[in-house]
Amino acid sequence: MPQPGVPGTSGSPETPIFPLSRRELRAQREAAETRADATVNTPVRMDVPVAVRIPDAVAVAETKALDLEKASIAARSNRLNPVASPRVAPAVSRPVPRSRRRRPMKIAVTLLAIPGLFLTAGLPAYAFAPGSSDTASTTSRVADTQGVTVDSGAAAITVARDGFTATTSEELAQRDAEAKRALAAQQTAEAARSAATDFAVYSVRAKGDDYPWFDRATDTQGGGLSPLGYYYRECVDFVAYRLNRDAGSTGSPWTWTWSKLTPSGGNASNWASAWADQGWATGDTPVVGAVAWFNYNHVAYVQSVNSDGSVILEEYNWNGSHAYNTRTVSASEVPLFLYPPT
């Protein structure tokens, strides 16, 4: 049956279609949704027109246009007011480079290994006993030659180094010279003791002038040399005669003459050096029968030694008199005693 007011039905004029407003479109869409719900819950009759059950195509198009416009308005609002709906960029987790990763165990091992290498390099080569077995059967091994003790259970090695120091050539030469001087002093002291024992005359000799040429002319008087090789009535000739007399020679052949006694010179000042050249004993201890040597070119004969340490001297030409003289002096006044030659 034709329906009045519905396009495409006979018996009624076509109803003109005008553009609808948004409100009308919204009301029409809500009515369509209500009809759709009613249609689902109400059995459909076969004689109901299709236009009643299916929304109008124009209404569907308008609904789609409304949705597009809402989306466009929302997009423009987001661009104009970005704070209202901020876009938060998703967090991106970046992998940590392997070179920057900290490895505590590796660092600890490195700190312990480096000092160990330096300590091992600083140990002397002789700190380990050569030929020792890896399996220690004893509690300790001792290297006697270097004083190194290695304990089989110890973690450290104690090295006892030598305490010797090098001696320079100058120090060696100085020690050698000191040793030689000490040996020479010892030999001189022993010679003096030997001379004191061998040549000491403990009984006082008879005083008096026993010089056989007491009346001969002196050198200044034109006299010559005595059989002993010295000038008559000089101190050296008198002492040379006393040395011959003590040796048991009072005539020719004489035991001690100038050529044997003081070949380097006849003056009294030469007698000390002559004794040293020939290795005869000298000293500062007075001995009976010794020669008292003075550094003012004079010699005398030690006649006796007193208990107070003084000595009695016999001499010729004391103070230039060319005559016999005797005097007592302290032993300390005599610079050197020349013990009888051998």
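Predicted model only: the values in this text are computed from it and were never measured.

## Re the overall build of the protein
Assigned secondary structure in the protein consists of eight helices and nine strands. Expressed as a percentage of the 342 residues in the protein, the buried residues total 24%. Element-wise, carbon and sulfur atoms account for 57% of the exposed surface of the protein, whose accessible area totals about 24000 Å².

## Focus on the pairing of strand E5 (residues 291-294)
When a strand is regular, its side chains alternate between the sheet's two faces. Residue alternation in E5 divides its side chains into two sets, Val 291 and Trp 293 and Ala 292 and Phe 294, and both sets are buried. By the bridge criterion, four bridges tie E5 to strand E6 (residues 298-305) in an arrangement that is antiparallel. Bridge pairing in E6 links Trp 293 to Val 299. If you look at the hairpin formed by E5 and E6, you'll find three residues sitting between the two strands, and Asn 297 has a positive phi there, around 65 degrees.

## Quick notes on unusual backbone geometry
A negative phi angle characterises most non-glycine residues, just as the trans form characterises most peptide bonds. Omega for the bond connecting Ser 252 with Pro 253 falls within 30 degrees of zero, at 0 degrees, which places this linkage in the cis form. Locating Pro 253 in the fold gives a position in the loop between helix H6 (235-246) and helix H7 (258-261). In this model, Arg 233 sits at a positive phi of 60 degrees, which is unusual for a non-glycine residue. Residue position: Arg 233 is located in the loop between helix H5 (169-199) and H6. Judged by relative accessible area, Arg 233 falls into the buried class, the value being 16%. A positive phi angle, close to 60 degrees, is found at Asn 319, a residue other than glycine. With respect to the helices, strands and loops of the structure, Asn 319 is situated in the loop between strand E7 (310-316) and strand E8 (324-330).

Conventions used here
- Residues numbered from 1 in each chain as written.
- Predicted model: local features only at pLDDT ≥ 70, side-chain atom pairs only at ≥ 80, totals over all residues.
- Heavy atoms only, no water.
- Helix = DSSP H or I, 4+ residues; strand = E, 2+ residues; numbered from the N terminus.
- Buried < 20%, exposed > 50% of the residue type's maximum accessible area, 1.4 Å probe, protein only.
- Areas by Shrake-Rupley, 256 points an atom, 1.4 Å probe, with all protein chains shown as cover.
- Pairing = 2+ DSSP bridges.

Geometric values such as these leave the question of function open.
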